[in-house]
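# Coordinate inspection notes
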Amino acid sequence: MINITNINTPQSKNYPHTIQNQPHFCGIAPAEKLAKDVYVGVRDTLIQETAFFREPEMLEFVKEYITTRLKNKPEINIIDGACSKGYETYTLAMMLDKIGKKVNITGFDIGNQAITEAKKGVFLIKKLCGNEDTIEAYRLGMDAYNDDYLAFSNTSPLNLKQQEYRKVFYDFFTEIQNYKEKRSLFERMREILFSKFTPYFKTKAFKIKPEKADTCKFVQGNILKLDEIVPAHSADVLLFRNALYHLTTQEGPLGFKVQLPEAYIIPTVEDVVKQVDQALAPKGIFVIGDHPSDHTLTAGKTLYSELEKHNFSPVFKNSDGSMSLIWMKNG
Ligand SMILES: C[S@@+](CC[C@H](N)C(=O)[O-])C[C@H]1O[C@@H](n2cnc3c(N)ncnc32)[C@H](O)[C@@H]1O
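Rules used throughout
- Residues numbered from 1 in each chain as written.
- Predicted model: local features only at pLDDT ≥ 70, side-chain atom pairs only at ≥ 80, totals over all residues.
- Heavy atoms only, no water.
- Pairing = 2+ DSSP bridges.
- Helix = DSSP H or I, 4+ residues; strand = E, 2+ residues; numbered from the N terminus.
- Axes fitted to C-alpha atoms, helices over the stretch in contact; angles between N-to-C directions.
- pLDDT = per-residue confidence, 0-100.
- Contact = heavy atoms within 4.5 Å.
- Buried < 20%, exposed > 50% of the residue type's maximum accessible area, 1.4 Å probe, protein only.

Attention shifts here to the sheet that holds strand β5 (residues 200-208). If you walk across this open sheet you meet the three strands as β3-β5-β4, and the pairing is antiparallel. Single-partner strands in this sheet number two, and they are β3 (122-129) and β4 (173-175). Going from strand to strand, the sheet's axes swing by 35° on average, the running direction of each strand aside. For β4 and β5, the ladder comprises three bridges, and the chain directions are antiparallel. By the bridge assignment for β5, E175 is matched with F206.

Put into structure tokens, the structure is as follows:
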């Protein structure tokens, strides 16, 4: 079992952000793709940019890698970096529940409140409702939230994977009956008045079953201080999905993201890759996620060249082959 150090006050190494003090650093990316004036109200009701079974093909690869390439290891250590509120961490626990190995899963995030909520084990699933045209337009920008089939009945039949995920979801979670989301009077009035034009969410809440509550551990921590969280060469799988871009951009005026100078980005990426290399066991894998900004950290693709310098090879690409989403540590 990995001995994880609980970091209560992560101080950054030359880190210009102060996001560790923000309650949630989530939920804004999809809106970048949308007409803000129309959808900003809906965007505000999002609480995080994460989801159960997000990017399932990549997760299925991780599962297969563990059960085939690491089949001789009786115990597997997984570190879910930048885990947000734990949706992704519990997803891994659900997918690896019956593989016949002991799996230790630890999620960490820089956000205090995200980790506090992950530890509570209460999760919301939101279904987008309202006018069909606006829903479709909005859905275009929110691939991360496609987990409503787990909790709500759907008009289209579930595919086999969705059926499997739904089943294991109810092995882990029970619904909190009569859950009422706290919404301001203004939000509720807006929903009623504009429900014909603006999408809105229906929400269900779920609680982790007591017998599954120990399947994941959560600690606060900073990707930039990975060496303080993960003992050297102990992790078989390390995920930083949809998070690296936070290291290379900064919140600018009006909430727009501003790219930091290359003079800052390059040493940061070098440092992160060095720590990833140190944290992983031989044949361990590093999972990046499919947020394009995670892959184009600089024009020179510093991340990929750094990984190659440390003897990593890509083992899983996105569907058009343009991004290497999972890297294996050779040797
Ligand atoms: C878009 S969410 C991704 C959540 C999850 N990995 C997923 O793909 O569903 C990005 C997360 O990165 C976290 N984060 C940003 N910078 C971080 C850092 N330096 N160390 C740890 N977590 C960080 C944020 O708090 C946020 O929860």
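After presenting the structure, the write-up continues.
What follows covers the confidence of the model for the protein. Of all residues in the protein, 77% have pLDDT values of 70 or greater, and the mean over the chain is 79. Counted against residues more than four places away or in other chains, residues 1-48, with its pLDDT under 50, gives 121 contacts.

Moving on to the pairing of β3. Across the eight residues that make up β3, a large majority, seven, are buried. Sheet analysis places β3 next to β5, joined by eight bridges and oriented antiparallel. Counterpart to K127 in the pairing with β5 is K202.

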